[in-house]
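Single-letter residue listing:
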Amino acid sequence: MVECKERTGMWAWKHPHENGTTTYTKLTGDVRMYDVDFGYVKDKIVLHNITLYAEPGQKVAFVGATGAGKTTITNLINRFYDIADGKIRYDGININKI
Ligand SMILES: Nc1ncnc2c1ncn2[C@@H]1O[C@H](COP(=O)(O)OP(=O)(O)OP(=O)(O)O)[C@@H](O)[C@H]1O
Ligand SMILES: [Mg+2]
């Protein structure tokens with residue numbers, strides 16, 4: 001895949017590498033978390049070992065008591081915060097690389 005000015009209806013993740021090259025990965029919408037740990041403040045973990053996925057086109061609902069971590073998970077998917085441990089992948093790409 002390459003970048004172009006015309007509208008093609010196709011979307012890609014732009015993935016810059018340390019050696020200066022850039023690769024494009026077709027965007028399908030696959031979102032995964034693996035064993036994620038996170039806390040807003042040091043020494044107070046609010047998510048521990050969270051593993052979940054949403055496949056392309058799938059609709060997912062977060063259900064749980066107040067304070068369970070629903071908003072926190074959506075904050076992490078948007079990378080408003082960086083995780084303490086584990087992995088978040090969009091279409092197989094590390095969220096930190098996009
Ligand atoms: N900005 C923040 N700083 C510190 N702690 C926070 C912050 N936001 C949330 N927390 C804590 O993180 C935990 C998860 O909260 P979160 O807001 O993700 O829950 P929630 O499931 O969205 O709850 P609700 O149903 O009330 O919206 C709670 O213990 C909460 O007190
Ligand atoms: Mg909330």
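Okay, so let's go over this structure. (Residues numbered from 1 in each chain as written. Chains lettered and ligands numbered in written order. Predicted model: local features only at pLDDT ≥ 70, side-chain atom pairs only at ≥ 80, totals over all residues. Heavy atoms only, no water.)

**Concerning the overall build of the chain**
Step number 1: Across its full length, the chain carries one helix and six strands.
Step number 2: Reading the secondary structure of the chain in the N-to-C direction produces β-β-β-β-α-β-β.
Step number 3: Referenced to the eigenvectors of the C-alpha coordinate spread, the extents of the chain come out at roughly 45 × 35 × 20 Å.
Step number 4: Here the chain, with 98 residues, has 22% of them falling under the buried criterion.
Step number 5: When the accessible surface of the chain is summed, it comes to about 7,300 Å², and 52% of that surface belongs to carbon and sulfur atoms.
Step number 6: Taken as two groups, the 13 positive and 11 negative side-chain charges of the chain have centres that lie 5 Å from each other. (Helix = DSSP H or I, 4+ residues; strand = E, 2+ residues; numbered from the N terminus. Buried < 20%, exposed > 50% of the residue type's maximum accessible area, 1.4 Å probe, protein only. Areas by Shrake-Rupley, 256 points an atom, 1.4 Å probe, with all protein chains shown as cover. Lys, Arg positive; Asp, Glu negative; His and termini not counted. Charge placed at Lys NZ, Arg CZ, Asp CG, Glu CD.)

**Examining the site of ligand 1**
Step number 1: Taken together, Tyr 40, Val 46, Ala 65, Thr 66, Gly 67, Ala 68, Gly 69, Lys 70, Thr 71 and Thr 72 make up all the residues around ligand 1.
Step number 2: Measuring from an oxygen atom of ligand 1, one finds a side-chain N or O atom of Thr 66 at 2.5 Å.
Step number 3: A distance of 3.3 Å is found between an oxygen atom of ligand 1 and a backbone nitrogen or oxygen belonging to Ala 68. (Near = heavy atom within 4 Å. Polar contact = N/O pair within 3.5 Å; in protein donor to acceptor, adjacent residues only side chain to side chain.)

**Observations concerning the environment of Trp 11**
Step number 1: Relative to the assigned elements, Trp 11 resides in the segment before strand S1 (12-16).
Step number 2: Through-space distance from the C-alpha of Trp 11 to that of Lys 70 is 28 Å; in sequence the pair is 59 residues apart.
Step number 3: In this view, Trp 11 contacts Met 1, Thr 25, Lys 26 and Leu 27; residues no more than four positions away in its chain are not counted. (Contact = heavy atoms within 4.5 Å.)

**Structural notes on a nonpolar patch on the surface**
Step number 1: On the surface, Tyr 40, Val 41, Val 46, Phe 80 and Tyr 81 cluster together to form a nonpolar patch covering roughly 490 Å² of accessible area.
Step number 2: Locating Tyr 40 in the fold gives a position in the loop between strand S3 (31-38) and strand S4 (47-54).
Step number 3: Exposure remark for Tyr 40: the relative accessible area of 40% places this residue in the partly exposed category. (Patch = residues over 30% accessible without salt bridge, like charges linked within 9 Å, V, L, I, M, F, W, Y side chains within 5 Å. Salt bridge = Lys/Arg side-chain N within 4 Å of Asp/Glu carboxyl O.)

**Considering unusual backbone geometry**
Step number 1: One non-glycine residue, Asp 35, lies in positive phi territory at about 45°.
Step number 2: By the element assignment, Asp 35 lies in strand S3.

**Considerations on helix H1 (residues 70-77)**
Step number 1: Buried residues of H1: Thr 72, Ile 73, Asn 75, Leu 76 and Ile 77, and no others.
Step number 2: Buried residues along H1 sit in contact with S3, S4 and strand S5 (85-90).

**Quick look at the nonpolar core**
Step number 1: Counting residues in hydrophobic clusters, the biggest one holds 13 residues, and the most contacted among them are Met 33, Leu 76, Ile 77, Ile 88 and Tyr 90.
Step number 2: Only S3, H1 and S5 provide two or more residues apiece to this core.
Step number 3: For this core, the element with the most residues is S3, which contributes four residues.
Step number 4: Not counting chain neighbours up to four residues away, the residues in contact with Met 33 comprise Ile 50, Thr 51, Leu 52, Ile 73, Leu 76, Ile 77, Lys 87 and Ile 88. (Core = buried A, V, L, I, M, F, W, Y, C linked by side-chain atoms within 4.5 Å.)

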